[in-house]
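# Notes for the structure review
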Amino acid sequence: MSTVRKQVVQHQHKGASIFWVILALALGTFALGTTEFASMTLVPYIASDLGVDVAQVSYAISAYALGVVIGSPIIMVLAVRVRRRTLLIALATLMALANGLSALAPSLNWLIFFRFLSGLPHGAYFGVAMLLAASLVPPEMKARAVSRVFIGLTLATIIGVPFATWMGQTVGWRSGIGIVAILATITALLVYFLAPNQAVADNASPKKELQTLKNREVWLTLGIAAIGFGGIFCVYTYLAETLIQVTQVEPFKIPIMMAVFGIGATLGTLVCGWAADKSALAAAFWSLVLSTVVLAIYPSVTGNYWALIPVVFFIGCGLGLATIVQARLMDVAPDGQTMTGALVQCAFNLANAIGPWVGSLVILSGQGIAATGYAAALLSLGGLVMWWLTHRESRRAVSLKVNLNPSPAKCTD
């Protein structure tokens, strides 16, 4: 076999191997997306089975989010010297164990505790999985690799959540959460057999990761996610109720609209991954502009189901911003990627708290549930303000670097 042919075969084999590794990593994000979003749709069935109010079950939802915020940075800093494959296997195992215990919870208090445990590995898994995927491809393709890992979460909104909800309706809510434990177990096995056992960088240390917190560009970029994403959740949280109250559709059309959102999120993630490889800041700007426009249009089309479909599709596309933010953080904090990988998920969950809260204020003020779109558009505008501050800080940092390291003067004869 000629040398050229051997290189072609090796390249094809490597490409195939990367595909399977990313697929294994995406299965983990699929499981995380399913457990996070399906737990919301299973609330009525949990309340009925445990004999508590629906409002009390919401404590379990909040406990999961709290687990994400607490667990993500702590795990990522303490495990900075652990090989990524080993850490991913441990996180997937914890995911399987905690979700399995959640499915067996004998009371609400135990469920709240087990959901907190379930949230602990969430952000760390996302962060490590995306970093591992990015390390497998050339620098100019890292955002696309990240988007393919994140796509597991968007696919969960199309497949995982409806399936878990159906399981909860037909078999019981415990099966809807228990299925996640099975998915997580399969993820751990696939990562063990497929993922490369990369060595840890010699200079990796918790102290070095914590230095990232001094970087203003990191915090401003996270602000884009925390505020800009809030607009999407402000609408998504109340979408089903809007379809019932305002659009007045038949019940079977509600899951279809949710699937439209998920399809938009999936395609948006792929497109944003490609765009972020060109310019993360430019991609973030246009993503936020698109979200602001469609969110502002949303209230005016809620009375017409067919007009609402393309608007909800493009609102879902806005989830691609997560890939852009992750790619941007890899650029501005190359020495603290494990920490920023965790902080992205903290920002994402903060947006998941801000959006519904702002929407509730609009509804309680008597503006009507469709008016959540206007509030969402304002949150997206807030994300654009954070983008402007980030852009300005980026230019300042570049200018400072040029001034500190001026180009040497050219020699003349």
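Residues numbered from 1 in each chain as written. Predicted model: local features only at pLDDT ≥ 70, side-chain atom pairs only at ≥ 80, totals over all residues. Heavy atoms only, no water.

You'll find the protein entered in an unreviewed UniProt entry as MFS transporter, with Shewanella morhuae given as the organism. Of the protein, the UniProt comment under Subcellular location (unreviewed entry) reads exactly: "Cell membrane". (UniProt positions renumbered as here; feature names shortened; annotations may be inferred.)

### Concerning the packing of aromatic side chains
For the structure on display, the rule yields 15 aromatic pairs. With a centroid separation of 5.1 Å and 75° between ring planes, the pair formed by phenylalanine 229 and phenylalanine 348 is classed as edge-to-face. Taken as a pair, phenylalanine 229 in helix H9 (residues 216-236) and phenylalanine 348 in helix H15 (residues 337-364) lie far apart in primary sequence, 119 residues in all. Residue phenylalanine 348 is classed as buried on the basis of its relative accessible area, which comes to 5%. Ring geometry for phenylalanine 313 versus phenylalanine 314: centroids 5.2 Å apart, planes at 80°, classification edge-to-face. The class of phenylalanine 313 is partly exposed, set by a relative accessible area of 22%. Linked through ring pairs, Trp110, Phe113 and Phe114 together constitute an aromatic cluster. We note lysine 253 situated over the ring of tyrosine 305; from NZ or CZ to the ring centre the distance is 5.1 Å. (Phe/Tyr/Trp six-rings, centres within 6.5 Å; stacked < 30°, edge-to-face > 60°. Helix = DSSP H or I, 4+ residues; strand = E, 2+ residues; numbered from the N terminus. Buried < 20%, exposed > 50% of the residue type's maximum accessible area, 1.4 Å probe, protein only. Lys NZ or Arg CZ within 6 Å of the ring centre and 35° of its normal.)

### Re unusual backbone geometry
You will see that glutamine 248, though not glycine, has its phi angle at about 55°, which is positive. Among the residues examined, glutamine 248 registers a relative accessible area of 63% and is labelled exposed.

### Observations regarding the pattern of salt bridges
Between side chains of opposite charge, a pair can form as their charged atoms come close. By the definition in use, this model includes 5 salt bridges. One salt bridge in this structure joins aspartate 277 and arginine 144, with 2.7 Å as the shortest N-O distance. Separated by 133 residues along the polypeptide, aspartate 277 in helix H11 (residues 253-278) and arginine 144 in helix H6 (residues 142-170) bring together distant segments of the chain. In this structure aspartate 277 comes out as buried when scored by relative accessible area, which is 18%. Classification of arginine 144 by relative accessible area gives partly exposed; the value is 22%. (Salt bridge = Lys/Arg side-chain N within 4 Å of Asp/Glu carboxyl O.)

### Structural notes on the state of the cysteines
Working definition: the covalent bond between the sulfur atoms of two cysteines is a disulfide. Within this structure, the stated rule accounts for 0 disulfides. We note that cysteine 272 lacks a disulfide partner, and the nearest cysteine sulfur, in cysteine 317, lies 7.8 Å from it. On the basis of relative accessibility, which here comes to 11%, the residue cysteine 272 falls in the buried class. (Disulfide = S-S within 2.5 Å.)

### Quick word on the environment of methionine 130
Counting through the fold element by element, methionine 130 comes out in helix H5 (residues 108-135). A residue is classified by how much of its surface remains accessible, and methionine 130, at 3% relative accessible area, is buried. Considering only alpha carbons, one finds methionine 130 and alanine 327, 197 residues apart in sequence, at a separation of 9.6 Å. Contact partners of methionine 130, with chain neighbours within four places excluded, come to Val146, Val149, Phe150, Gln326 and Met330. (Contact = heavy atoms within 4.5 Å.)

### Looking at the side chain of asparagine 99
Tracing the sequence through the fold places asparagine 99 in helix H4 (residues 84-103). A polar atom in the side chain of asparagine 99 sits 2.7 Å from the side chain of threonine 35. For asparagine 99, the side chain forms a polar contact with the side chain of arginine 115, separated by 3.1 Å. Setting aside chain neighbours within four positions, we find asparagine 99 in contact with Thr35, Arg115, Ser118, Ile177, Val180 and Ala181. (Polar contact = N/O pair within 3.5 Å; in protein donor to acceptor, adjacent residues only side chain to side chain.)

### Considering the layout of surface pockets
Space inside the largest pocket adds up to approximately 920 Å³. Forming the boundary of the largest pocket are 28 residues, of which Met40, Thr41, Tyr236, Thr237 and Met258 lie nearest the centre. Where the lining of the largest pocket is concerned, the elements lending two or more residues are helix H1 (3-41), helix H3 (54-78), H6, H9, helix H10 (239-247), H11 and H15. Here the lining of the largest pocket takes 5 residues from H1, the largest share from any one element. Of the residues that constitute the lining of the largest pocket, the class distribution is 18 nonpolar, 8 polar and 2 charged. (1 Å grid on protein atoms, 1.4 Å probe; cavity = no way out; pocket = protein on both sides within 12 Å on 5 of 7 lines; lining within 4 Å. Points joined across faces, edges and corners; volume = space filled by probe spheres on them. Nonpolar A, V, L, I, M, F, W, Y, C, P; charged D, E, K, R; others polar.)

### Re a nonpolar patch on the surface
A cluster of nonpolar side chains, namely Phe19, Trp20, Leu23, Ile182, Ile186, Leu189, Leu190, Tyr192, Phe193 and Leu194, defines an oily patch on the protein surface of about 1,000 Å² accessible area. Residue assignment for the nonpolar patch shows that the elements contributing at least two residues are H1 and helix H7 (173-194). At 7 residues, the largest contribution of residues to the nonpolar patch is made by H7. Mapped onto the elements of the fold, phenylalanine 19 is located in helix H1. Judged by relative accessible area, phenylalanine 19 falls into the partly exposed class, the value being 48%. (Patch = residues over 30% accessible without salt bridge, like charges linked within 9 Å, V, L, I, M, F, W, Y side chains within 5 Å. Areas by Shrake-Rupley, 256 points an atom, 1.4 Å probe, with all protein chains shown as cover.)

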